[in-house]
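This is what each chain is made of:
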Amino acid sequence: MSLGSTAPALAQTGIEGLWRTEKAAEVRIAPCPEGLCGTLAKIVLPPGETRADGTPASPETLTDVHNSDPALRDRPMLGLQIVTLTGESKPGVFAGTVYNPQDGKTYEGFVELKGPDTLRLNGCLLFNVVCRGEDWVRVGP
């Protein structure tokens, strides 16, 4: 399947929209050249959170400090693509990759649409044998 035909097919799945994570961040899933991509639209910080240099942190000042590529550590977290879905392996299950900014690593994974307003994001190791996930709730179109 070519990239040109993947994005339109995935765009009709009902997974597009704004989703709230378990930590109250928000991720927007929308069509992208790879298929569907999830980008950080909102970041919620605990009160008193500071940056590595000790200065007060805000969502606008957070950068990708844990990225394994030093050249990418200054990129802003807001708007960062953390989910890339490249295909639907079965109805409501989308394969792809998940970037974890807390450790700077990208994992194989999948997203499962559990209902019209709930999905389960899974990041996996060992050929999808060991997976860890969390549920997200739709908060907007």
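Just above, that's the structure.
Just so it is clear, the model here is predicted, and its values are computed rather than measured.

Reading the values: rules and limits
Residues numbered from 1 in each chain as written. Predicted model: local features only at pLDDT ≥ 70, side-chain atom pairs only at ≥ 80, totals over all residues. Heavy atoms only, no water. Helix = DSSP H or I, 4+ residues; strand = E, 2+ residues; numbered from the N terminus. Contact = heavy atoms within 4.5 Å. Buried < 20%, exposed > 50% of the residue type's maximum accessible area, 1.4 Å probe, protein only. Polar contact = N/O pair within 3.5 Å; in protein donor to acceptor, adjacent residues only side chain to side chain. Phe/Tyr/Trp six-rings, centres within 6.5 Å; stacked < 30°, edge-to-face > 60°. Lys NZ or Arg CZ within 6 Å of the ring centre and 35° of its normal. Disulfide = S-S within 2.5 Å.

Now for the overall build of the protein chain. Helix and strand counts for the protein chain stand at one helix and eight strands. When the helices and strands of the protein chain are placed in sequence order, the string is α-β-β-β-β-β-β-β-β. By sequence separation, contacts in the protein chain at least 24 residues apart represent 38% of the contacts at least 6 residues apart.

This part covers the side chain of Asn 67. Mapped onto the fold, Asn 67 is located in the loop between β3 (35–42) and β4 (81–90). Of the residues examined, Asn 67 reaches a relative accessible area of 6% and is grouped as buried. For Asn 67, the side chain forms a polar contact with the side chain of Asp 64, separated by 2.8 Å. Reaching out from Asn 67, the side chain makes a polar contact with the side chain of Tyr 99 at a distance of 3.1 Å.

Here we take up the packing of aromatic side chains. Counted under the stated rule, the structure contains zero aromatic pairs. Sitting over the face of the ring of Tyr 99, Arg 75 holds its NZ or CZ atom 5.6 Å from the ring centroid.

Two cysteines form a disulfide when their sulfur atoms are joined by a covalent bond. Summed over all chains, the structure comprises one disulfide. Residue Cys 32 pairs covalently with Cys 37 via a disulfide, S to S 2.0 Å. Judged by the sign of its S-S torsion, about 60°, the bond between Cys 32 and Cys 37 is right-handed. Comparing Cys 32 with Cys 37, the two get one shared label, buried.

Everything listed is a geometric property; what it means functionally is a separate question.
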